[in-house]
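Geometric and topological summary
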Amino acid sequence: KLFDDAGSVSVYFVSESIGYAVGSLGSTETAIKTTDGGSTRSSLTLDNASDKRDFYGVYFTDADHGFIVGKWGTVVKTTDGGIKWTRHTTTGGNHLLDVTFVNSTTGFVVGNNSNIFKTTDHGVTWVEKNSGSAGIGEVYFLDENNGFVAGLGNNLMKTTDGGENWASLVSDRF
């Protein structure tokens, strides 16, 4: 367990020893890093934002480039292994719950208002894609074209064109 006083919401390891975990402890943003496989950890300072937000997802494309997503459309990015972070906010103001990348530049974040956001410039800009579905909590890609999102009420959707279009895989009978 990487958090002592709160359950981690998302954990991502870039190697056997270097990993990150995010979550929330009351009104305090919680993001930590370990460099020894979790034996010890240190808190990360993400930025000087006055509004502290809960974090729900973390993903790194390599040892230096990583993203944390959370409440109110927040996307926080590092390009130096977590030393400095830059905060971005997507439109829609929803809670972003998961993040993944299919290569070093193309990634996706999903949120509880059925939002799917895609970047093709390593997180500089995020474009909303229409899912046409209820809240989405998880995203996973097999390769650059084939991916899945899952969420509320048996909500499972698939894309075969890199996230441009999404089709439901689960009927209402489940």
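Please refer to the structure higher up on the page.
The shown structure was predicted, so the numbers you read here are calculated from the model rather than taken from an experiment. (Residues numbered from 1 in each chain as written. Predicted model: local features only at pLDDT ≥ 70, side-chain atom pairs only at ≥ 80, totals over all residues. Heavy atoms only, no water.)

Glancing now at the packing of aromatic side chains. Enumeration over the complete set of coordinates arrives at 9 aromatic pairs. Consider the rings of Phe60 and Trp85, whose centres lie 6.3 Å apart with planes at 85°: the pair is edge-to-face. Of the two residues, Phe60 is situated in strand β5 (residues 55–60) and Trp85 in the loop between β7 (74–78) and β8 (86–89); the sequence distance between them amounts to 25 residues. Exposure remark for Phe60: the relative accessible area of 2% places this residue in the buried category. Geometrically, the ring pair formed by Phe67 and Phe101 is stacked, given 4.6 Å between the ring centres and 20° between the ring planes. Of the two residues, Phe67 sits in strand β6 (residues 66–70) while Phe101 sits in strand β9 (residues 96–101), which places them 34 residues apart along the sequence. (Phe/Tyr/Trp six-rings, centres within 6.5 Å; stacked < 30°, edge-to-face > 60°. Helix = DSSP H or I, 4+ residues; strand = E, 2+ residues; numbered from the N terminus. Buried < 20%, exposed > 50% of the residue type's maximum accessible area, 1.4 Å probe, protein only.)

Residue Trp72 is not a glycine yet carries a positive backbone phi of 60°. Tracing the sequence through the fold places Trp72 in the loop between β6 and β7. Residue class for Trp72 comes out partly exposed when judged on its relative accessible area of 46%. Here His122, not a glycine, exhibits a phi torsion of approximately 55°, which is positive. Here His122 shows up in the loop between β11 (115–119) and β12 (127–130).

Secondary-structure assignment places Glu138 in strand β13 (residues 136–141). Overall, the relative accessible area of 54% leaves Glu138 in the exposed class. A C-alpha to C-alpha distance of 9.7 Å links Glu138 and Asn112, two positions 26 residues apart in sequence. Beyond its immediate stretch of four places on either side in the chain, Glu138 contacts Asp98, Val110, Phe148, Val149 and Ala150. (Contact = heavy atoms within 4.5 Å.)

A separate point is the sheet that holds β8. Overall, antiparallel pairing links the 4 strands, which are arranged β5-β6-β7-β8 in an open sheet. Edge positions in the open sheet fall to β5 and β8, since each of these has one partner strand only. When strand polarity is set aside, the average angle formed by the axes of neighbouring strands in this sheet is 20°. For β7 and β8, the ladder comprises 4 bridges, and the chain directions are antiparallel. Paired with Thr74 across the strands is Thr89, a residue of β8. (Pairing = 2+ DSSP bridges. Axes fitted to C-alpha atoms, helices over the stretch in contact; angles between N-to-C directions.)

Inspection of the entire model under this criterion finds 2 salt bridges. Across the pair Glu164 and Lys129 runs a salt bridge, and its minimum N-O distance is 2.9 Å. Residue Glu164 is found in the loop between β15 (155–159) and β16 (167–168), and its partner Lys129 is found in strand β12; the two are separated by 35 residues along the sequence. Via salt bridges that share partners, Lys118, Lys129 and Glu164 belong to a single interconnected network. (Salt bridge = Lys/Arg side-chain N within 4 Å of Asp/Glu carboxyl O.)

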